[in-house]
Amino acid sequence: MQELKSRPDKDARREAILDVASRIFLEEGFDAASMSAIAAKLGGSKGTLYNYFKSKEELFEAFVDRHCAIHARLIDSFEVDGGGYREALRRWAKQYLRIVTSDSTMRNYRVIMAVSERWPDIGRAFYENGPLRGARNVANFLAEAAQAGEFVIDDTLRAAHQFIALCQSRYQKARFLNYLPEPDEAEIEAEVEAAVAAFYAAYGQRG
């Protein structure tokens, strides 16, 4: 991701607005946040803010888009090297689990989910650009691996959703409800190993 200082001035200002708006959305929620509060935190006028975003709703949409884009850069790709497909799947799963169980991701999810109840379009956009996009990338990887003889899979998208569920199921609800803290590296490693083993038991090529 480009550093803020290397962007053109207009882009840098837009990102600065999003940085401030994100903090306010996360701290106060969408309803309590206001364009006036965001402008005040920026140290500028509401008029300047409206030059970039016509409404709080448009600003929130940009907040959701950026959240998805940041995560996409971190978990979109699979690298198959000397460790083969199993190691590539394991490596991806560990990065994925670190991200989706992090405190910052949990805060973002809670805010977006609360807004989605009465604004379904934002929930749909988030799902399509976030979780569904991730599942489709996993499905593409599984299709390549199946073609190479690593798996026997009829529906790679369904299998992708199943693998993602295996990775996060023990932590997802507990993290949403603040029942558990972020898992440490040992816990992530153990969860991913169990998920990969279960997935290979279900879909791995049997000689």
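So, a few notes on the structure that sits alongside this text.

Each value, and the rule that gives it
Sequence positions are assigned chain by chain, starting from 1 and proceeding in written order. Note on the predicted model: pLDDT of at least 70 is required for a residue's local features to be given, and 80 or more for side-chain atom pairs to be given and counted; whole-chain, interface and lining totals, by contrast, use all residues. As a rule here, side-chain values come from all non-hydrogen atoms in the structure, and water together with hydrogens is ignored. Helix numbering and strand numbering both begin at the N terminus, where a helix is a DSSP run of H or I of at least 4 residues and a strand a DSSP run of E of at least 2. Throughout, exposure labels follow a simple rule: accessible area from a 1.4 Å probe, protein chains only, divided by the maximum for the residue type, with under 20% read as buried, over 50% as exposed, and the rest as partly exposed. The criterion used for residue contact is that any of the two residues' heavy atoms lie within 4.5 Å. In this description, a nonpolar core means a group of buried Ala, Val, Leu, Ile, Met, Phe, Trp, Tyr and Cys residues linked to one another through side-chain atoms lying within 4.5 Å. Lines fitted to C-alpha atoms define the axes here, with helix axes fitted over just the stretch in contact, and angles between the N-to-C directions of these axes take values from 0 to 180 degrees. We call two directions roughly parallel when the angle between them is under 35 degrees, roughly antiparallel when it is over 145, roughly perpendicular when it lies between 65 and 115, and oblique otherwise. Each residue is assigned to one of three groups, with Ala, Val, Leu, Ile, Met, Phe, Trp, Tyr, Cys and Pro labelled nonpolar, Asp, Glu, Lys and Arg labelled charged, and all others, Gly among them, labelled polar. Each aromatic pair joins two rings of Phe, Tyr and Trp (for Trp, the six-membered one) with centres within 6.5 Å, and gets the label stacked for planes under 30 degrees apart, edge-to-face for over 60, and tilted for any other angle. The criterion for a charge sitting over a ring is simple: Lys NZ or Arg CZ within 6 Å of the ring centre, and within 35 degrees of the ring normal.

## Some words on the overall build of the protein
A count of helical and extended segments in the protein gives ten helices and zero strands. Each helix (α) and strand (β) of the protein, taken in turn from the N terminus, gives the series α-α-α-α-α-α-α-α-α-α. Considering only C-alpha atoms, the protein reaches an extent of 70 × 40 × 30 Å along its principal axes. Relative to its 207 residues, the protein shows a buried fraction of 42%. Nonlocal contacts in the protein, meaning residues at least 24 apart in sequence, comprise 69% of its contacts between residues at least 6 apart.

## Quick look at the nonpolar core
With 59 residues, the main nonpolar core has Leu59, Phe60, Trp92, Leu142, Phe151, Phe163 and Phe199 as its most contacted residues. Here the element with the most residues in this core is helix 5 (residues 84–100); it accounts for nine residues. In this view, Phe163 contacts Leu89, Trp92, Ala93, Ala195, Val196 and Phe199; residues no more than four positions away in its chain are not counted.

## Concerning the environment of Asn140
Here Asn140 is to be found in helix 8 (residues 131–147). With a relative accessible area of 52%, Asn140 lands in the exposed category. The spacing of Asn140 and Leu157 is 17 residues in sequence and 8.1 Å in space, taken between C-alpha atoms.

## Some points on unusual backbone geometry
Backbone geometry at Asn178 places phi at a positive 60°, although glycine is not the residue there. Here Asn178 shows up in the loop between helix 9 (156–176) and helix 10 (185–203).

## Some remarks on the packing of helix 6 (residues 103–116) against helix 7 (residues 120–129)
At a minimum axis distance of 7 Å, the contact between helix 6 and helix 7 shows a crossing angle of 140°. Our classification of the angle between helix 6 and helix 7 gives oblique. Across the interface between the two elements, Tyr109, Ile112, Val115 and Ser116 of helix 6 pack against Pro120, Ile122, Gly123 and Phe126 of helix 7. A class-by-class count of the residues in the contact of helix 6 with helix 7 yields six nonpolar, two polar and no charged.

## Structural notes on the packing of aromatic side chains
Each aromatic ring pair is summarised here by two numbers: the centre-to-centre distance and the angle between the ring planes. Per the counting criterion, the structure on display carries 18 aromatic pairs. Ring centres of Phe30 and Phe60 lie 5.1 Å apart, and the angle between their planes is 70°; this geometry places the pair in the edge-to-face category. In this pair, Phe30 is assigned in helix 1 (residues 9–32) and Phe60 in helix 4 (residues 56–75), connecting sequence segments 30 residues apart. Phe60 matches Phe30 in its accessibility class, with the two residues each being buried. For the pair Phe151 and Tyr200, a centre-to-centre distance of 4.8 Å together with 55° between the ring planes defines the contact as tilted. Pair noted here: Phe151 is in the loop between helix 8 and helix 9 and Tyr200 is in helix 10, with a separation of 49 residues, a long-range link. A relative accessible area of 2% places Phe151 in the buried class. For Tyr200, a relative accessible area of 13% translates into the label buried. The rings of Phe78, Tyr85, Trp92, Tyr96, Phe141, Phe151, Phe163, Phe199, Tyr200 and Tyr203 are connected pair by pair, giving a single aromatic cluster. Taking the ring centre of Phe30 as reference, the NZ or CZ of Lys56 above it sits at 4.3 Å. Sitting over the face of the ring of Tyr200, Arg86 holds its NZ or CZ atom 4.3 Å from the ring centroid.

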